[in-house]
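A look at the structure
In case you want the letters, here they are:
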Amino acid sequence: MYKNPATLDLSVIVPLFNEEESLPELTAWLLKVLGPLKLSFEILMVDDGSRDGSWQVVQKLAKNIPQLRGLRFRRNYGKSAALHCGFSEAKGAVVITMDADLQDSPDEIPELRRMIMEEGYDLVSGWKKKRYDPLGKTIPSRLFNRTARAVSGIKLHDFNCGLKAYRHEVVKNIEVYGEMHRYIPILAKRAGFGRIGEKVVRHRERKYGTTKFGIERFIKGFLDLLSVMFISKFGHRPMHLFGSLGTLTFVIGFFSALWLGLRKLWYVSHQVEAPLITTSPYFYISLTCMILGTQLFMTGFVAELVGRIRPDRNQYQIEEKF
């Protein structure tokens, strides 16, 4: 449950990995945008185990910028871990996340904040309508976004855009892990924050270095999409899924076997030479269905028992209380 009230107007979380060249320019750009807003703010840079001089750059910048805070991992854990820790540390009423490679524009921050504060959104996701990424990155991204829209019901064009704005309560009530940073809007909706908006944002060409993501991110992204949808729909009632599938599979196998048995009896009663049941492929199909159905049912039963002893099984998001 949300317990930590915001003490600042704005938090900007910047996860980074080997971005030493872009950090000074990004920080100067952020200060140029945030300074005139007359808001209390913080810039939280989360170093995800960089192997270059990124952390030294962050330390140097922090000496002259009191609003800059840093957090460093001992090794590379991934963007989701960086965001999770950044969310835990954030003190702003509005939280902005953005990448450190200068492809996200800090000029979008005032409008993103306004949409949260004035239009009442819980989360606003950027939409990189015009992208400067190679086709090997944009085509799979479009496929994942289309799939995520279909299975989640959230009408966003770009789930994976790093530039997002959140209400403070949202980041304190979601858990980002694995590669789930791609599906934060789904996690937010699952936690009860349904006011999710979108804003077209400017996407810039990479100025320094190369992308840190390889082809394996698409495989992980697809698997995590399946995970988040399963947990969202059946996390508290696994028996509804496994029990239903198991029962259906078992019934199909049972009636198939019953049909084979009745057919055998009919042949015998009419004194017709009947083929052996074990020579029919349907016998093995029906037997396999009954075994699989039993296993699925027992999986749901065991998952239900495990779920009942979870310490957080009765933790719910309470928005107001009198």
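The structure this text deals with has already been given above.
First, a word on scope: everything that follows refers to the structure included in this document. Predicted, not measured: the structure shown is a model, and the values here were computed from it.

1. Remarks on helix 3 (residues 79–89)
Residues spaced three or four apart along an α-helix point in a common direction, a consequence of the helix completing one turn every 3.6 residues. Turning to helix 3, its buried residues are Lys79, Ser80, Ala82, Leu83, Gly86 and Phe87. All buried residues of helix 3 project into a common sector of 160° when viewed along the axis, lining one side. Packing partners of the buried residues in helix 3 comprise strand 1 (8–16), strand 2 (41–47), strand 4 (92–97), strand 6 (164–167), helix 6 (168–171) and helix 7 (184–190).

2. Things to note about the nonpolar core
Counting residues in hydrophobic clusters, the biggest one holds 34 residues, and the most contacted among them are Leu10, Val12, Leu23, Met45, Ile96, Met98 and Ile109. Of all the secondary structure elements, the ones that give two or more residues to this core are strand 1, helix 1 (23–34), strand 2, helix 2 (54–62), strand 4 and helix 4 (109–119). When residues of this core are assigned to their parent elements, the largest contribution, 6 residues, is made by helix 1. Sequence-distant contacts of leucine 10, defined by excluding residues within four places in its chain, comprise Leu34, Ser40, Phe41, Glu42, Gly92, Ala93, Val94, Ile96, Ile109 and Arg113. Grouped together as the second largest cluster of nonpolar side chains are 30 residues, Tyr166, Met180, Ala188 and Ala191 included.

3. Brief notes about the environment of glutamate 20
With respect to the helices and strands, glutamate 20 occurs in the loop between strand 1 and helix 1. Distance in space between the C-alpha atoms of glutamate 20 and tryptophan 55 is 7.8 Å, their sequence separation being 35 residues. Here glutamate 20 is in contact with Asp52, Gly53, Ser54 and Val57, once residues within four sequence places are set aside. Polar side-chain contacts of glutamate 20 include one of 3.4 Å to the backbone nitrogen of glycine 53.

4. Digging into helix 2
Those residues of helix 2 not exposed but buried are Ser54, Trp55, Val57, Val58 and Leu61. Along the long axis of helix 2, the arc covered by the buried residues comes to 160°, so they all point the same way. Taken together, the buried residues of helix 2 touch strand 1, helix 1, strand 2 and strand 3 (68–72).

5. Observations concerning the side chain of aspartate 101
Tracing the sequence through the fold places aspartate 101 in the loop between strand 4 and helix 4. Using a relative accessible area of 9% as the deciding quantity, one classes aspartate 101 as buried. Here the side chain of aspartate 101 touches glutamine 103 through a polar contact of 3.0 Å, landing on its backbone nitrogen. Aspartate 101 has contacts with Glu19, Ser22, Arg206 and Lys207, leaving out every residue within four places of it along the chain.

Rules behind the numbers
- Residues numbered from 1 in each chain as written.
- Predicted model: local features only at pLDDT ≥ 70, side-chain atom pairs only at ≥ 80, totals over all residues.
- Heavy atoms only, no water.
- Buried < 20%, exposed > 50% of the residue type's maximum accessible area, 1.4 Å probe, protein only.
- Helix = DSSP H or I, 4+ residues; strand = E, 2+ residues; numbered from the N terminus.
- Arc of directions from axis to C-beta.
- Contact = heavy atoms within 4.5 Å.
- Core = buried A, V, L, I, M, F, W, Y, C linked by side-chain atoms within 4.5 Å.
- Polar contact = N/O pair within 3.5 Å; in protein donor to acceptor, adjacent residues only side chain to side chain.

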